[in-house]
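Listed below, chain by chain, are the residues.
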Amino acid sequence: AGLIKLRSGDPKWKIFTGDKDDRLSAMDYFYETQPVPNPNSRFFHKMPKMWHRLEVLMNHFVELVAPWL
């Protein structure tokens, strides 16, 4: 799934391409648009943008690196 996200061309998943504000921004609106929200969604949605950037990087690690460890 991680490779598909990177190859999709969507700058929201990428680190070095696209507009600076779009880079790693895939999680910015995830918590208000997720299919099955939970009670913590509002709290996580209000986190700073840097937190959401870190979430995208952690997602890349879990989907691309961790399976090979």
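Everything below is about the structure printed above this text.
Below you will find a few notes about this structure. (Residues numbered from 1 in each chain as written. Predicted model: local features only at pLDDT ≥ 70, side-chain atom pairs only at ≥ 80, totals over all residues. Heavy atoms only, no water.)

**A few points about the overall build of the chain**
Selection rule: Under the scheme used here, helices are H or I runs from DSSP no shorter than 4 residues and strands are E runs no shorter than 2 residues, and both carry numbers assigned from the N terminus. Buried means the residue's accessible area, taken with a 1.4 Å probe over protein chains only, is under 20% of the maximum for its type, while exposed means over 50%, and partly exposed covers the values in between. For the area figures, the Shrake-Rupley method with a 1.4 Å probe applies, and any residue is considered shielded solely by the protein chains shown.
If you tally the helices and strands in the chain, you get 4 helices and 0 strands. Counting helices and strands in the order they occur from the N terminus, the chain gives α-α-α-α. With the C-alpha coordinates of the chain rotated into their principal frame, the extents come out at 30 × 30 × 20 Å. Put simply, the chain has 69 residues, and 23% of those count as buried. A total accessible area of about 5300 Å² is found for the chain, and carbon and sulfur atoms account for 65% of it.

**A closer look at the pattern of salt bridges**
Counted only if it meets this: Salt bridges are identified by distance alone: a Lys or Arg side-chain nitrogen within 4 Å of an Asp or Glu carboxyl oxygen.
Throughout the structure, instances matching the rule amount to 4 salt bridges. With its nearest N and O atoms 3.8 Å apart, the salt bridge here joins aspartate 28 to lysine 49. On the criterion of sequence distance, the pair formed by aspartate 28 in the loop between helix H1 (2-7) and helix H2 (30-33) and lysine 49 in helix H4 (residues 49-65) is long-range, its members being 21 residues apart. A relative accessible area of 53% means that lysine 49 is categorised as exposed. Here aspartate 28 makes a salt bridge to arginine 53, at a shortest N to O gap of 2.9 Å. With aspartate 28 in the loop between H1 and H2 and arginine 53 in helix H4, this residue pair connects regions lying 25 residues apart in the sequence. For aspartate 28, a relative accessible area of 9% corresponds to the buried category.

**Description of unusual backbone geometry**
The phi angle at leucine 24 is positive, at roughly 55°, despite the residue not being glycine. With respect to the element layout, leucine 24 can be found in the loop between H1 and H2. Of the residues examined, leucine 24 reaches a relative accessible area of 10% and is grouped as buried.

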